Amino acid sequence: MTEKKIPAVQIAILFQALLFLALGSYGEMSFQKISLNHILVFVMWAAVFMVVDYTSEANIVHALKMGFVFAVLWCAIETGTFYGIYAVINAGFYNLGYLLYGLQNVLCLLSVLCFYGFFSEKKANIKGLFIILAIIVLALFVAGVYCISVLVPQPSEADIYFGLAKDPFIQEAIMRRVIIIFYAIEGIICSLLFK
């Protein structure tokens, strides 16, 4: 009788994405903003990194250590990229800024998966289907960000001051959801790719 393995990494990514949706977060863990939400985001990233490490090494102490190390490393990287993304958004290139947030989340997870895939004794069984799915999901994400930016207008100063009855930041709220849904789907595909 063969044992069925629990897809721990995929479950961790899905749970993380649901928490990000509940928090209304992009999933960024920059040192720029320290609040309860950002601490929870940091903890969730560290937990996902721990699960990835544990599924590779099967050593809980090593997983705790490496999960924290990867989370701190990505906090430092995201602090540096925060200024770039913020400058892009403030320059009026909202679409590009939102794309960068989504890609940053996927690259964060992908870097850790690649790290363990590179040092794994087992050769990764990379299937072309997962690569094609990852490209399709990325293309849909780019198209989705573009469509939302066209269909849901960014608020102007007039909307903010004179349209107080409406939520002026509805585009940003929708983009946060799209980014996290993209991360969840792409993250699960990438974790299956490097399984």
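Computed from a predicted structure; not experimentally measured.

What counts, and where the lines are drawn
- Residues numbered from 1 in each chain as written.
- Predicted model: local features only at pLDDT ≥ 70, side-chain atom pairs only at ≥ 80, totals over all residues.
- Heavy atoms only, no water.
- Salt bridge = Lys/Arg side-chain N within 4 Å of Asp/Glu carboxyl O.
- Helix = DSSP H or I, 4+ residues; strand = E, 2+ residues; numbered from the N terminus.
- Buried < 20%, exposed > 50% of the residue type's maximum accessible area, 1.4 Å probe, protein only.
- Core = buried A, V, L, I, M, F, W, Y, C linked by side-chain atoms within 4.5 Å.
- Contact = heavy atoms within 4.5 Å.
- Polar contact = N/O pair within 3.5 Å; in protein donor to acceptor, adjacent residues only side chain to side chain.
- Patch = residues over 30% accessible without salt bridge, like charges linked within 9 Å, V, L, I, M, F, W, Y side chains within 5 Å.
- Areas by Shrake-Rupley, 256 points an atom, 1.4 Å probe, with all protein chains shown as cover.
- Phe/Tyr/Trp six-rings, centres within 6.5 Å; stacked < 30°, edge-to-face > 60°.
- Axes fitted to C-alpha atoms, helices over the stretch in contact; angles between N-to-C directions.
- Parallel < 35°, antiparallel > 145°, perpendicular 65-115°, else oblique.
- Left-handed = near helix turned anticlockwise from the far one by under 90°.
- pLDDT = per-residue confidence, 0-100.

Enquirer: Is there a simple way to explain the pattern of salt bridges in this structure?
Expert: It is possible for side chains of opposite charge to pair when their charged atoms get near one another. By the definition in use, this model includes one salt bridge. Here Glu172 ties to Arg176 by a salt bridge, and the two come within 2.6 Å at their closest N and O atoms. With Glu172 and Arg176 both in helix α7 (residues 170-193) and four residues apart, this pair spans about one turn of that helix. On the accessibility criterion, Arg176 (22% relative accessible area) is partly exposed.

Enquirer: Whenever I open this one, the nonpolar core confuses me. Can you help?
Expert: Looking at soluble globular proteins, one finds that nonpolar side chains tend to be buried together. One finds Met29, Trp45, Phe49, Tyr101 and Leu109 to be the most contacted residues of the largest nonpolar core, which totals 48 residues. Going through the elements one at a time, α1 (8-23), α2 (36-57), α3 (60-90), α4 (94-119), α5 (128-151) and α7 are the ones with two or more residues in this core. Setting aside its immediate chain neighbours within four residues, Trp45 contacts Gln16, Phe20, Gly27, Met29, Asn105, Cys108, Leu109 and Tyr183.

Enquirer: Teacher, can you tell me more about the side chain of Thr79 here?
Expert: With respect to the helices and strands, the residue Thr79 is situated in helix α3. By relative accessible area, Thr79 is classed as buried at 15%. A polar side-chain atom of Thr79 sits 2.7 Å from the main-chain carbonyl oxygen of Cys75. The residues contacting Thr79, other than those within four sequence positions of it, are Ser30, Phe31 and Gln32.

Enquirer: I'm lost on a nonpolar patch on the surface in this one. Help?
Expert: Taken together, the side chains of Phe31, Ile34, Ile39, Val43, Phe68 and Val72 define a hydrophobic patch exposed on the protein surface, amounting to about 570 Å² of accessible area. Put simply, the parts of the chain that give the nonpolar patch at least two residues each are α2 and α3. For Val43, the position within the fold is in helix α2. Residue classification places Val43 among the partly exposed positions, given a relative accessible area of 44%.

Enquirer: Please explain the packing of aromatic side chains as it appears in this structure.
Expert: The description of an aromatic ring pair uses the distance of the two centres, along with the angle that the planes make with each other. A complete count under the given rule lists nine aromatic pairs for this structure. On the numbers, 6.3 Å between centres and 35° between planes, the contact of Tyr26 with Tyr98 is tilted. Here the residue Tyr26 occupies a position in the loop between α1 and α2, and Tyr98 occupies one in helix α4, the gap between them amounting to 72 residues. Comparing Tyr26 with Tyr98 shows no difference in burial state: the two are buried.

Enquirer: Which parts of the structure should I look at to understand the packing of α2 against α3?
Expert: To describe two helices that pack against each other, one gives the angle between their axes and the distance between the axes. Contact geometry for α2 and α3: axes closest at 7 Å, N-to-C directions at 135°. When the axes of α2 and α3 are compared, the pair comes out oblique. For the pair α2 and α3, the crossing hand works out as right-handed. Taken together, the residues of α3 that come into contact with α2 (itself represented by Phe42, Ala46, Phe49, Met50, Asp53, Tyr54 and Glu57) are Ile60, His62, Ala63, Leu64, Met66, Gly67, Phe68, Phe70, Ala71, Val72, Trp74 and Cys75.

Enquirer: Please clarify how the confidence of the model for the protein should be interpreted in this entry.
Expert: Within the protein, residue pLDDT values average 79, and 83% of them lie at 70 or more. Across the protein, the element-wise mean pLDDT spans from 47 in helix α6 (residues 157-162) up to 88 in α1. In this model, residues 157-166 is a region of pLDDT below 50 whose contacts with residues beyond four sequence positions or in other chains number seven contacts.

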